[in-house]
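Structural description and commentary
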Amino acid sequence: MSARTGCGAAGEALIGQELKFSGWVHRRRDHGGLIFIDLRDRSGLLQVVFNPEVARDAHDLAHGLRAEYVIEVSGSLGRRPEGTENPGIPTGRVELYAQRLAILNEAAPLPFGLEDQDTSETLKLRHRYLDLRRPQMQKNLIARHRAVKAIRDYLDSEGFLEIETPMLTKSTPEGARDYLVPSRVNPGQFYALPQSPQLFKQILMASGYEKYFQVARCFRDEDLRADRQPEFTQVDIETSFMDGDEIMRITEGMLAAAFHQVLDIEIERVPFERLSYKEAMERFGSDKPDLRIGREICDMAGPAQKGSFKVFLDAIEKGGRVLGLRGIGMAGLSRKEIDDLTNSVKEMGAKGLAWIKIKSGPGSPITKYDSPIAKFFPEEALREMAGKLKAEDGDMMLFVADSEKTAQAVIGKLRLELGKRYPVDFKEDEWRFCWITDFPLLEWDEEEGRFTAVHHPFTSPSDPDVPRIMDGDINDKELLSSLKAKAYDVVLNGCEIGGGSVRIHRQDLQSRMFSMLGISAADAQMKFGFLLEALQYGAPPHGGLALGLDRLVMLMCGAESIRDVIAFPKTAKAADLMSGAPSGVEPKQLRELHIKLDVPAAEEGGQ
RNA sequence: GGGGUGGUAGUUCAGUUGGUUAGAACGUCGGCCUGUCACGCCGAAGGUCGCGGGUUCGAGCCCCGUCCACCCCGCCA
């Protein structure tokens, strides 16, 4: 009777036994005579009954119990009297009849109730240790643990080795802004915290480890979002001698294992559906399509050209697009609702929203097109539009006309919004994975006046593009824009959860890649010299993938933000409200680092 | 860097056109209560209206600035 039993483990099988429990006072109901305590530990809740006729001392002591006191209580587990069962909790058919009570620690009144639903984010983060006591948060972190364990076990069974790479690394200006760490013993020099272990994992392939993975913390000094933290965790994978297909298969197996272990869900549709980047943009207006939503985007250039609506004709004239979307059952929308939609479309970057309602006349089967722009189109064009969109009576057709980039982006977002707001064809509880492949290798960066890598500079071009790159003119914008990458993203329910590529393993191609990116040979040598060097000494073909663990677990838990699956997250200003980081430091520390501050005194911050 | 929303009791919020003593619920504290499970009943305490300045006879409310939190754009794979 000395061992501790978990509250959640108290079931009918243990009835009649003398047991010991310890945990937190979740709720108390003091009737003066009988006292009921809901005792909470990691495993669940258990009702404890203090009865003066059973144990006078324990009952007297129990009067002093308050929320979140830490107690140890022992007694016999019994079946609840008929009619007092609580179907709301898993242990609701039993209760503990307390014989002995020990208060292990008292608790001051809490700044917020653990069960309050609307506690402000500030308060929860300030007292994260309390927030983390909430059963939901514990469930999330337990799910996270299970997911990581499932992934580790799976990769281990596939012959992968987990190898750690340094946290203090070399700064590489490509990509995101680095978090810098000053070096005390090298005055004026800095390490960077890794944005990812990218270069190291490639080096490990050159070193012959063949299959590497790591649950790796990564750091990026960029502005935050609900699904973005300054430090986050990637399941980082790299393999030698595998092509993209094989890496995708490993990833699918890994995700299937995680979903099986954590949620007891068997992922259907394996292998995952694959879409080229072009197709994803064309059908869904996004490179991370949410396939749970049925409706797709349609090109409306054909029927648009049969009409005289200037906005449409101009867009096409300028090489842009007219894209349409079916608004299922939206013919009844009020003018105000349409105005609201128009406004949100404008916020997304479009100039406006064109719409046509399809209605039957009262008591008449004749289709009417109700719209300020219907007059610009012959009946035949309107019918063609409806046909393409599969729009029927009671629907509304929505159109965005703009440059291809804007039109696709806007109507893609509109698709998500309508899919979720009018969820006729939105299967919310499905798990829809897909791969996006055939990404462009490079994209023009207006700001920098050069091409940048869409994935990263170590991504291999597609096989047919290799001779075009080696023999072609690297200043040829047409050529550079047309190159395809051996890169692939894995998308779940409209959320990019990972991405990877086959890497360049030949030194000459990698050097050529740097020139295309406008990185001089000297610069490349300075920044990535060790990689270029390693590629010279027998580097195998290799490639891999990085999975965003926080996002994946967030989706698995149905959480709104990755903060809910990270034990100690930071705010939108990258602050830790609990510990008070970041903060100023002692002048002595700065002197040792040879650092002088250049900030107005008021902004230096305290300790 | 830009835009939006919010900040009033420990917590979540209400607070009229600028007008007397800033309210409610929950929580807390005290009392009563032997089948509750959001226990119930009675009573009490609890406020620098984020901070600084301004307008006004008078500011929780209007104006300017600033800080913090959240969301979005830019940025970020």
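These numbers come from a predicted model, not from an experiment. (Residues numbered from 1 in each chain as written. Chains lettered and ligands numbered in written order. Predicted model: local features only at pLDDT ≥ 70, side-chain atom pairs only at ≥ 80, totals over all residues. Heavy atoms only, no water.)

1. A word on the overall build of chain A
Counting secondary structure elements, chain A contains 18 helices and 22 strands. With the principal axes as the frame, chain A shows a C-alpha extent of 90 × 85 × 55 Å. Expressed as a percentage of the 607 residues in chain A, the buried residues total 48%. Intrachain contacts of chain A at a sequence separation of at least 6 include 68% that bridge at least 24 residues. Total accessible area computed for chain A in this model is approximately 30,200 Å², and 50% of it derives from carbon and sulfur atoms. Charge-centre separation for chain A: the mean point of 79 positive side chains lies 2 Å from the mean point of 94 negative side chains. (Helix = DSSP H or I, 4+ residues; strand = E, 2+ residues; numbered from the N terminus. Buried < 20%, exposed > 50% of the residue type's maximum accessible area, 1.4 Å probe, protein only. Contact = heavy atoms within 4.5 Å. Areas by Shrake-Rupley, 256 points an atom, 1.4 Å probe, with all protein chains shown as cover. Lys, Arg positive; Asp, Glu negative; His and termini not counted. Charge placed at Lys NZ, Arg CZ, Asp CG, Glu CD.)

2. Digging into the side chain of Q234
For Q234, the position within the fold is in strand 10 (residues 231–240). Look at Q234 and you get buried, because its relative accessible area is 10%. Contact partners of Q234, with chain neighbours within four places excluded, come to S196, P197, Q214, V215, A216, C218, R220, A546, L547 and L549.

3. Re the protein's contact with RNA strand B
Taken together, 43 residues are adjacent to RNA strand B, and R29, E53, T84, E95 and E222 come closest. A breakdown of the atoms of RNA strand B within 4 Å of the protein gives sugar and phosphate a share of 51%. Separating a base nitrogen of RNA strand B from a backbone N or O atom of T84 is a distance of 2.3 Å. Of all the elements in the fold, those that place two or more residues in the surface near RNA strand B are strand 1 (18–30) and helix 2 (121–126). Of the residues belonging to the surface near RNA strand B, the class tally is eleven nonpolar, 14 polar and 18 charged. (Near = heavy atom within 4 Å. Polar contact = N/O pair within 3.5 Å; in protein donor to acceptor, adjacent residues only side chain to side chain. Nonpolar A, V, L, I, M, F, W, Y, C, P; charged D, E, K, R; others polar.)

4. What to know about the sheet that holds strand 12 (residues 298–299)
Pairing is antiparallel in the open sheet, where five strands are placed in the order 12-13-16-14-15. The open sheet has two edge strands with one neighbour each: strand 12 and strand 15 (367–370). Pairing of strand 14 (residues 354–360) with strand 16 (residues 396–402) involves four bridges; the strand directions are antiparallel. When the sheet's bridge partners are listed, I356 is paired in strand 16 with M397. Contacting strand 13 (321–327) and strand 16, helix 12 (residues 404–421) crosses the sheet at an angle of about 5° to strand 13. (Pairing = 2+ DSSP bridges. Axes fitted to C-alpha atoms, helices over the stretch in contact; angles between N-to-C directions.)

5. Description of helix 5 (residues 198–206)
Turning to helix 5, its buried residues are Q198, L199, K201, Q202, L204 and M205. Each element contacted by the buried residues of helix 5 is listed here: strand 9 (211–219), strand 10, helix 16 (521–536) and strand 22 (542–548). G208 sits one or two residues past helix 5 and shows a positive phi near 90°.

6. Focus: the confidence of the model for chain A
Counting all residues, the mean pLDDT for chain A is 92, and 97% of those residues have values of 70 or more. Between the elements of chain A, mean pLDDT differs from a low of 81, seen in helix 10 (residues 335–347), to a high of 98, seen in strand 6 (residues 161–162). On the interface metric, ipTM, the complex scores 0.91, and its pTM is 0.93. (pLDDT = per-residue confidence, 0-100.)

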